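Structural description and commentary
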Amino acid sequence: VKRPFIALITDFGEDDYFVASLKGVILRINPGARIIDVTHQVPSFDIRQGSFTLFSCYKYFPPRTIFLVIIDPGVGSSRPILLVKTKKYFFVAPDNGVLSLTLKSEEVEQIIKITNKKFFLEKQSKTFEGRDKMAPVAAWLSKGTSPLLFGPPVQDYKALDKLEPIRKEREIIGSIIYADKFGNLITNIPRTMVNKLKKEAGKSKLTLLTKNKKISSFRESYSQGRRGELFYLVGSLGFIEIATREASASRKIKAKVSDTVKIVIRSPREKVIAKEK
Amino acid sequence: VKRPFIALITDFGEDDYFVASLKGVILRINPGARIIDVTHQVPSFDIRQGSFTLFSCYKYFPPRTIFLVIIDPGVGSSRPILLVKTKKYFFVAPDNGVLSLTLKSEEVEQIIKITNKKFFLEKQSKTFEGRDKMAPVAAWLSKGTSPLLFGPPVQDYKALDKLEPIRKEREIIGSIIYADKFGNLITNIPRTMVNKLKKEAGKSKLTLLTKNKKISSFRESYSQGRRGELFYLVGSLGFIEIATREASASRKIKAKVSDTVKIVIRSPREKVIAKEK
Amino acid sequence: VKRPFIALITDFGEDDYFVASLKGVILRINPGARIIDVTHQVPSFDIRQGSFTLFSCYKYFPPRTIFLVIIDPGVGSSRPILLVKTKKYFFVAPDNGVLSLTLKSEEVEQIIKITNKKFFLEKQSKTFEGRDKMAPVAAWLSKGTSPLLFGPPVQDYKALDKLEPIRKEREIIGSIIYADKFGNLITNIPRTMVNKLKKEAGKSKLTLLTKNKKISSFRESYSQGRRGELFYLVGSLGFIEIATREASASRKIKAKVSDTVKIVIRSPREKVIAKEK
């Protein structure tokens with residue numbers, strides 16, 4: 001087995017026969033494959049959340065891992081299925097943008113449009129191409145099959161709109177991109193951007209604003225926060241996170257994905273404004 | 001390892017110590033075993049749903065896979081535990097009907113009533129025979145132990161009532177047998193039956209009726225449907241499914257397992273009736 | 001691979017990138033490691049529930065299994081991370097009491113405070129030490145690295161308050177320590193304690209009291225109970241459990257973890273009291 005690890009990311013849930021079918025198909029073709037479940041709990045049809053989940057963990061996997069990413073609202077349509085080879089990894093996914101966040105951080109070497117029916121299951125449905133086309137391709141790839149055998153090279157892949165924070169004069173305008181199981185709210189604002197703003201602020205301090213809340217406490221870790229207090233910190237992906245100690249910030253401030261988050265340099269006047277509210 | 005794959009289907013959920021105990025027991029007996037989780041989310045005690053889950057994916061697994069199927073409301077009672085060998089697979093399960101849907105599609109070679117205590121854990125509870133009896137048997141089986149060593153051959157296994165659709169003059173009367181994570185409603189009506197009815201219909205069209213809804217759109221794939229529209233299609237198991245694009249048909253029409261579904265040949269008069277409603 | 005099995009218990013859930021990150025880190029360091037998910041559904045920050053989950057299944061795992069137990073509300077603080085070697089197993093966990101219930105039943109051979117940065121990921125966050133420190137240590141340990149190389153030996157680990165039942169004159173006073181997926185309520189009262197009380201009771205019978213309910217039926221297994229009836233039995237861990245047939249006792253009596261449970265010798269007078277209520 002040359003590329004033994006196949007990592008699965010889907011929106012299939014874990015209740016049905018979907019995930020098991022993928023695994024069965026893979027192991028029938030390559031009994032030596034080692035399958036790792038990343039998650040199957042991506043919200044149904046949510047390409048953006050799936051793309052973030054992939055992005056947030058793929059770097060930690062062994063080189064040559066094959067990521068099989070099936071969030072595929074267009075199943076059965078003419079949207080292509082891609083195999084992308086980067087310097088370190090392989091990705092098999094529908095061409096709907098789910099890979100774009102990750103591929104921007106990787107050195108892309110080859111993009112193949114998967115078309116060679118030889119590698120598909122004999123009977124094919126129009127509603128489960130994950131099982132009938134993508135899983136077998138991942139399995140053959142894990143056995144060492146050359147990417148070029150699966151179909152013709154293509155030039156590009158579909159990209160999602162960028163969700164990058166905007167840097168303005170005395171502030172950063174970003175948004176919430178993910179709420180985790182603990183209710184921590186992950187923003188798209190990288191630590192580095194905040195560090196720069198902090199430098200410019202000199203003696204003034206920074207404040208995070210979201211959902212009519214003004215969050216001034218910056219903490220190093222969750223356990224440094226006081227109970228009941230909202231604070232922000234640098235999360236494990238290097239992005240600013242809003243959190244509260246041993247409770248759900250998401251529930252506390254009723255924020256959700258795509259809500260706006262600003263980080264601003266606090267002016268002396270600002271305190272007064274805060275009181276007026 | 002002669003039969004390395006052990007696939008687990010249970011109603012244990014994933015929160016408790018149940019599944020981990022099965023895995024520990026298996027790996028202590030056969031460290032070379034490779035365990036695949038089919039699902040542990042079968043609704044508690046729901047033999048019929050468990051039987052469908054097994055049926056819907058087992059064919060995709062490698063030959064000689066051992067399916068350990070534990071939906072077992074009768075645990076601790078005198079209901080037998082069976083080991084069934086078919087031409088391609090092995091099944092270990094309580095004899096309560098959970099295997100019947102699958103075994104009807106398989107060539108059964110041997111049915112063994114598991115009784116040989118030599119293969120059970122030393123300490124046995126009356127409430128977790130999955131851990132104390134079935135998991136060890138599956139593990140020993142995976143090491144190559146002959147089925148006959150686990151107990152005496154028996155003639156039969158318990159079968160669930162058949163849930164097959166009825167073919168009438170100008171219609172098929174079936175029912176919903178499964179609602180998946182996306183809210184697609186899977187019926188027991190096979191594609192082949194509908195194709196036949198379609199032929200007989202000649203120039204008339206077919207309509208699906210359920211829960212006071214008349215569904216006339218037939219689509220090839222989910223993404224072919226218009227948003228908001230209810231339609232039916234052939235699902236990935238070859239059965240008719242009711243769906244709606246990127247949303248839950250189950251929620252939309254408040255249908256559930258065992259609700260009746262008819263597919264009828266539409267008569268010219270029918271349109272009038274539809275309008276009168 | 002000398003210690004191939006790494007068993008994971010966390011409160012991370014299965015929706016996010018947390019568990020996948022642990023697995024990626026482990027497999028990048030030791031591609032031969034075999035990872036087993038015990039559960040990731042421990043309630044957030046709930047050290048006591050996590051400690052019970054570990055305790056309830058660890059004995060069934062193969063010798064030399066490494067348990068990576070991450071319920072870690074103190075992440076990023078100065079709380080130590082421990083590696084504990086017992087006669088049969090290894091445990092890697094924050095020193096917050098999550099191991100204590102298990103270690104009391106094991107022969108502890110070595111307690112190491114993990115400090116050697118050589119084994120950590122290069123970039124370290126303050127919010128995900130499971131990924132950055134504990135997972136790599138477990139992976140190196142699985143490759144055969146000697147425990148002493150991870151840091152200095154220490155004398156002790158943090159222990160949770162004991163939750164043992166109290167034996168009084170004619171009764172046992174215990175509590176509910178776990179509610180499983182089926183709604184069975186597991187108490188901390190061991191079978192042996194009840195057997196002793198039963199002996200002392202002579203001709204009198206025992207009754208279980210909780211939440212204003214008097215439960216007199218004792219059953220051998222779930223399926224022995226009558227539908228709708230509350231009963232108690234000896235569960236698969238050897239503790240007294242409150243259950244009801246094919247339904248949730250937890251929902252039925254609205255009991256939850258830490259509610260008091262008494263088992264008393266029924267006196268003739270008691271029947272009268274029951275009627276007066």
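Read on for a plain summary of the structure. This one's a predicted model, so the numbers in the text were calculated from it and none came from an experiment.

When its secondary structure is counted, chain A shows seven helices and 14 strands. By its C-alpha atoms, chain A is 70 × 35 × 30 Å across when sized along the principal axes. Of all 277 residues assigned to chain A, the portion counted as buried reaches 59%. A fraction of 66% describes how many contacts in chain A between residues 6 or more apart in sequence connect residues 24 or more apart. Chain A carries 50 positive and 28 negative side-chain charges, and their two centres are separated by 4 Å.

Our focus in this paragraph is the pairing of strand 12 (residues 230-234) of chain C. Residue and element names in this part refer to chain C. Along strand 12, five of the five residues are buried, which leaves the element largely enclosed by surrounding structure. Burial along strand 12 is two-sided: the residues Leu-230, Tyr-232 and Val-234 and Phe-231 and Leu-233 are all buried. As paired strands, strand 12 and strand 13 (residues 239-244) are joined by five bridges and run antiparallel to one another. Its bridge partner being in strand 13, Leu-233 is matched across the sheet by Glu-241. Counted along the chain from strand 12 to the antiparallel partner strand 13, the turn is four residues long, and its residue Gly-238 has a positive phi close to 90°.

So, on to the relation of the copies chain B and chain A. Superposition record for chain B on chain A: RMSD 0.0 Å, screw rotation 120°, translation along axis 0.0 Å. Here the symmetry operator amounts to a three-fold rotation axis.

A word on the relation of the copies chain C and chain A. Each of the two copies of the chain can be brought onto the other by a rotation about an axis and a shift along it. Rotating chain C by 120° and translating it 0.0 Å along the rotation axis places it on chain A, where the RMSD comes to 0.0 Å. Comparing contact sets, just 6% of the residues at the interface of chain C also lie at the interface in chain A, consistent with a heterologous contact between different surfaces.

Next up on the list: the environment of B:Glu246. Residue and element names in this part refer to chain B. Mapped onto the elements, Glu-246 comes out in the loop between strand 13 (239-244) and helix 6 (249-253). Each C-alpha atom, one on Glu-246 and one on Leu-208, is 20 Å from the other, the two residues being 38 residues apart in sequence. Of the polar contacts made by the side chain of Glu-246, one reaches the side chain of Arg-227; its length is 3.3 Å.

Turning next to the sheet that holds strand 3 (residues 66-70) of chain A. Across the sheet, six strands lie side by side as 2-1-3-5-4-6 (chain A); this open sheet has mixed pairing. Looking along the sheet, the strands with just one partner apiece sit at the ends: strand 2 (34-39) and strand 6 (108-113) of chain A. With direction set aside, neighbouring strand axes in the sheet form an average angle of 20°. For strand 3 of chain A and strand 5 (residues 90-94) of chain A, the ladder comprises three bridges, and the chain directions are parallel. If you follow A:Leu68 over to strand 5 of chain A, its bridge partner there is A:Val92. Against the sheet, helix 1 (residues 18-29) of chain A engages strand 1 (5-10), strand 2 and strand 3 of chain A, with an angle of about 160° to strand 1 of chain A. Against the sheet, helix 1 (residues 18-29) of chain C engages strand 1 and strand 2 of chain A, with an angle of about 150° to strand 2 of chain A.

The next subject is the sheet that holds strand 3 (residues 66-70) of chain C. All names here are of chain C. Ordered by their spatial adjacency, six strands build an open sheet running 2-1-3-5-4-6, and the pairing between neighbours is mixed. If you trace the sheet from one side to the other, it starts and ends with strand 2 (34-39) and strand 6 (108-113), each paired once. Strand-to-strand twist in this sheet, taken as the mean axis angle between neighbours without regard to direction, amounts to 20°. Relative to the sheet, helix 1 contacts strand 1 (5-10), strand 2 and strand 3, its axis offset from that of strand 1 by approximately 160°.

Moving on, we come to the interface of chain C and chain A. Taken together, the contact pairs 34 residues of chain C with 33 residues of chain A. Summed over the shared surface of chain C and chain A, the number is zero salt bridges. Remark: the boundary between chain C and chain A carries 16 residue pairs in polar contact (both at pLDDT 80 or more). Across the side of chain C that touches chain A, the residue classes break down as 15 nonpolar, 10 polar and nine charged.

All right, on to the pattern of salt bridges then. Residue and element names in this part refer to chain A. Under the criterion given, the structure shown has 39 salt bridges over all chains. Across the pair Arg-245 and Glu-246 runs a salt bridge whose closest N-O atoms are separated by 3.9 Å. Classification of Arg-245 by relative accessible area gives partly exposed; the value is 23%. Each member of the salt-bridge network shares a partner with another, and the members are Asp-72, Arg-79, Glu-129 and Lys-133.

All names here are of chain C. In contact at an axis separation of 8 Å, helix 1 and helix 4 (residues 129-142) are set at 40° when each is read in the N-to-C sense. Of the possible angle classes, the one that applies to helix 1 and helix 4 is oblique. Here helix 1 runs over helix 4; the crossing is right-handed. Across the interface between the two elements, Ser-21, Leu-22, Val-25, Ile-26 and Ile-29 of helix 1 pack against Gly-130, Arg-131, Ala-135, Pro-136, Ala-139 and Trp-140 of helix 4. Residues of the contact of helix 1 with helix 4, tallied by class, amount to eight nonpolar, two polar and one charged.

What follows covers the side chain of A:Thr244. Residues and elements named next belong to chain A. The topology assignment puts Thr-244 in strand 13 (residues 239-244). A distance of 2.9 Å separates a polar atom in the side chain of Thr-244 from the backbone oxygen of Glu-229. Among all residues touching Thr-244, those that are not within four sequence positions of it are Gly-228, Glu-229, Leu-230, Phe-231, Ala-249 and Lys-252.

It is worth spelling out the interface of chain B and chain A at this point. Facing the 33 residues of chain B at the interface are 34 residues of chain A. Note on chain B versus chain A: buried area summed over both sides is about 2,700 Å², and carbon and sulfur give 57% of it. Of all residues in chain B, the largest losses of buried area upon contact with chain A belong to B:Tyr60, B:Lys181 and B:Phe182, amounting jointly to 25% of the total for that side. Joining chain B to chain A, the criterion identifies zero salt bridges. There are 16 residue pairs in polar contact (both at pLDDT 80 or more) connecting chain B and chain A. When contributions to the side of chain B that touches chain A are tallied by element, the ones reaching two or more residues are strand 2 (34-39), helix 2 (47-57), strand 8 (171-179) and strand 12 (230-234) of chain B. Here the side of chain B that touches chain A gets five residues from one element, more than from any other, and that element is strand 2 of chain B. Classifying every residue of the side of chain B that touches chain A gives 17 nonpolar, eight polar and eight charged.

The next subject is the packing of aromatic side chains. Enumeration according to the criterion identifies 57 aromatic pairs over all chains in this entry. Look at A:Phe182 and C:Phe45: their rings are 5.4 Å apart centre to centre, the planes differ by 35°, and that puts the pair in the tilted class. Linking A:Phe182 in the loop between strand 8 (171-179) and strand 9 (185-190) with C:Phe45 in the loop between strand 2 and helix 2 (47-57), this pair reaches from one chain into another. Aromatic pair B:Tyr17 and B:Phe128: ring centres 6.5 Å apart, planes at 70°, arrangement edge-to-face. Of this pair, B:Tyr17 sits in the loop between strand 1 (5-10) and helix 1 (18-29) while B:Phe128 sits in the loop between strand 6 (108-113) and helix 4 (129-142), and the two are 111 residues apart along the sequence. Of the residues examined, B:Tyr17 reaches a relative accessible area of 1% and is grouped as buried. Residue B:Phe128 is classed as buried on the basis of its relative accessible area, which comes to 3%. Grouped by ring-pair contacts, the aromatic residues A:Phe12, A:Tyr17, A:Phe18, A:Phe45, A:Phe128 and B:Phe182 constitute a single cluster. We note B:Lys198 situated over the ring of B:Phe218; from NZ or CZ to the ring centre the distance is 4.6 Å.

All names here are of chain C. Residues Met-193, Val-194, Leu-197 and Ala-201 constitute the buried set of helix 5 (residues 191-201). Take helix 5 and look down its axis: the buried residues cluster within an arc of 95°, on one side only. Along helix 5, exposed side chains directed more than 90 degrees from the buried face belong to Thr-192, Lys-196 and Lys-199. On its buried face, helix 5 is in contact with strand 7 (166-167), strand 8 (171-179), strand 9 (185-190), strand 10 (206-210), strand 13 and strand 14 (260-265). Of the residues trailing helix 5, Gly-202 is marked for its positive phi of about 60°.

Residue and element names in this part refer to chain A. For helix 4 (residues 129-142), built from 14 residues, the straight-helix expectation of 20 Å at 1.5 Å per residue is met to within 8% by its first-to-last C-alpha distance of 18 Å. At Ala-135, helix 4 shows its largest kink, close to 30°, and the proline Pro-136 lies no more than four residues downstream. Most of helix 4 sits out of view: 13 of its 14 residues are buried. Phi turns positive one or two residues past the end of helix 4, at Gly-144, with a value near 110°.

Definitions and cut-offs
- Residues numbered from 1 in each chain as written.
- Chains lettered and ligands numbered in written order.
- Predicted model: local features only at pLDDT ≥ 70, side-chain atom pairs only at ≥ 80, totals over all residues.
- Heavy atoms only, no water.
- Helix = DSSP H or I, 4+ residues; strand = E, 2+ residues; numbered from the N terminus.
- Buried < 20%, exposed > 50% of the residue type's maximum accessible area, 1.4 Å probe, protein only.
- Contact = heavy atoms within 4.5 Å.
- Lys, Arg positive; Asp, Glu negative; His and termini not counted.
- Charge placed at Lys NZ, Arg CZ, Asp CG, Glu CD.
- Pairing = 2+ DSSP bridges.
- Least-squares fit on C-alpha atoms with pLDDT ≥ 70 in both.
- Polar contact = N/O pair within 3.5 Å; in protein donor to acceptor, adjacent residues only side chain to side chain.
- Axes fitted to C-alpha atoms, helices over the stretch in contact; angles between N-to-C directions.
- Salt bridge = Lys/Arg side-chain N within 4 Å of Asp/Glu carboxyl O.
- Nonpolar A, V, L, I, M, F, W, Y, C, P; charged D, E, K, R; others polar.
- Parallel < 35°, antiparallel > 145°, perpendicular 65-115°, else oblique.
- Left-handed = near helix turned anticlockwise from the far one by under 90°.
- Buried area = accessible area lost by both parts, 1.4 Å probe.
- Phe/Tyr/Trp six-rings, centres within 6.5 Å; stacked < 30°, edge-to-face > 60°.
- Lys NZ or Arg CZ within 6 Å of the ring centre and 35° of its normal.
- Arc of directions from axis to C-beta.
- Expected span 1.5 Å × (residues − 1).
- Bend = angle between axes of the 7 residues up to and from the residue.

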